[in-house]
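# Tertiary structure, described
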Amino acid sequence: MYEIFADLHVHIGRSESGKPVKITAARSLNFANIAKECVERKGINLVGIIDCASPYVIEDIERFLETGDAYELEDGGIIYKDKVCILLGSEVETSEKGRNGKCGSAHNICFFPHLADIKAFSKEMSTHIKNITLSTQRSNVSGYELIDIVEKYNGILIPAHCFTPHKSYYGNCTDRLQNIFKEKYDRIPAIELGLSSDTYLGDTISELETKTFLTNSDAHSLPKIAREYNKIVVEDVSFKEFVKALKNEDGRKVISNYGLDPKLGKYHRSYCEDCEKTIEIEEIATNCPICGGSNITFGVFDRIQLIKDKKETKSPPNRPEYIYQVPLNFIPGVGGKTIEKLLNTFGTEMAILHKLSKDDIEAIVGEKIAENIEKARRGKMIVHSGGGGVYGKIE
């Protein structure tokens, strides 16, 4: 058994021929570049690319396998240069009956062991989605229906960024996941917390005690890969081992969640769209206490306060430690040139964040920046909450 770092939510912006996949993601985010970034700069051993059901991406994967640098594993996944395992995933937006009878929608990340599986899944989902070439397009199926389609092609379904106000189950569909998935609820091995939440907020909801928590980047650019990630114990790196870890089987398991302080997330607190101000839960009634407007978007923290069924956080005994991790590009004074200098000297971001002493870093970038990096690693920086689509800030 050994430990690996995993980021299981990375988007593709464009195909290698320049065709759009995720409109809001960077053009440089293509299948090959993500693999190289994980090996050369990030130090990620397992990456989930969640736009692989696009026919444009499938073509890129087929060409990628022809280069000789990558091959498919019998136990699932694609190994690149014997250093990173790529999980073939698809983010699917489902149509749900939301709160108060309103139409809701939620995102799900679905992973499949082999290219043949996700090709078959793509073909079937093209009958439920208007444009299968684009990422995360609205489907006409519910989560209850989707899980059967995913498992038909040997895949697993994980609810994505579960608490965000837009496009998530708890955020705009339901107070309980079990209401959505009913008797199929036990077939979901894990949920993704999202950037604006953490273990301590998630574990105020009792139905989540049986679910593994994942912290992933939801990266829309190469530098954002591994802003949140997981440490997992496995026997080797493959789809099969990943699923065992999610289910805590045979000694495989997630042992640490590394995530942003949820205050840094752009939907942590509630936000009045009329006066463009962040509002705290105790201030919210029917209208904004500042301007009187009613156009309020509930933040993750405030939504959880409304739907939680525990008075205080009580995590199950096997819950991994949640470690607040500040990515290098969030730290004051650490710009692109500084990051490049650190990576050229020390290899990967994982090495810088986990293995180096402050003295090692100081020798390359000076005392002030080294001090900021050390404070960030120890969780000693002041954080101002984000909301309304604007990230929080570190002081």
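Up top is the structure these notes are about.
Along each chain, numbering runs from 1 in the same order as the chain's sequence is written. Local features in this predicted model are restricted to residues whose pLDDT is 70 or higher, and side-chain atom pairs enter the listing and the counts only when it is 80 or higher, whereas totals over whole chains, interfaces and linings include all residues. Side-chain descriptors were evaluated using all non-hydrogen atoms of the structure, hydrogens and water having been removed beforehand.

### Topic: the environment of H9
Per the convention used, a helix needs a DSSP run of H or I reaching at least four residues, while a strand needs a run of E reaching at least two, with both numbered from the N terminus. Mapping H9 onto the fold places it in strand β1 (residues 2-10). Using a 1.4 Å probe on the protein chains alone, a residue whose accessible area is under 20% of its type maximum counts as buried, one over 50% counts as exposed, and one in between counts as partly exposed. With a relative accessible area of 0%, H9 lands in the buried category. Ignoring any residue separated from it by four or fewer positions in sequence, one finds H9 in contact with G48, I50, E91, I109, A160, H161, E192, N216, S217, D218 and A219. For this analysis, residues touch if any pair of their heavy atoms sits within 4.5 Å.

### Description of the packing of aromatic side chains
The geometry of an aromatic ring pair comes down to the distance between the two centres and the angle between the two planes. Any Phe, Tyr or Trp ring, taking Trp's six-membered ring, that has another such ring centre within 6.5 Å forms a pair; planes under 30 degrees apart are called stacked, those over 60 apart edge-to-face, and the others tilted. Under the counting rule described, the total for this entry stands at 11 aromatic pairs. Ring plane angle 10 degrees and centroid distance 5.0 Å describe the contact between F163 and Y170, whose orientation is recorded as stacked. Taken as a pair, F163 and Y170 share a single burial class, namely buried. Here Y322 and Y324 contribute two aromatic rings whose centre-to-centre distance is 5.4 Å and whose plane-to-plane angle is 65 degrees, an arrangement assigned as edge-to-face. On the basis of relative accessibility, which here comes to 4%, the residue Y322 falls in the buried class. Under the relative-accessibility criterion, Y324 is labelled partly exposed at 32%.

### Describing unusual backbone geometry
Across the chain, the bulk of peptide bonds are trans and the bulk of non-glycine residues have phi less than zero. Of note, D82 is a non-glycine position whose phi angle comes to about 60 degrees, a positive value. Inspection of the secondary structure assignment puts D82 in the loop between β4 (78-80) and β5 (84-97). Residue H161 is not a glycine yet carries a positive backbone phi of 20 degrees. Along the chain, the position of H161 falls in the loop between β7 (156-159) and α5 (169-172). The exposure class of H161 is buried, given its relative accessible area of 9%.

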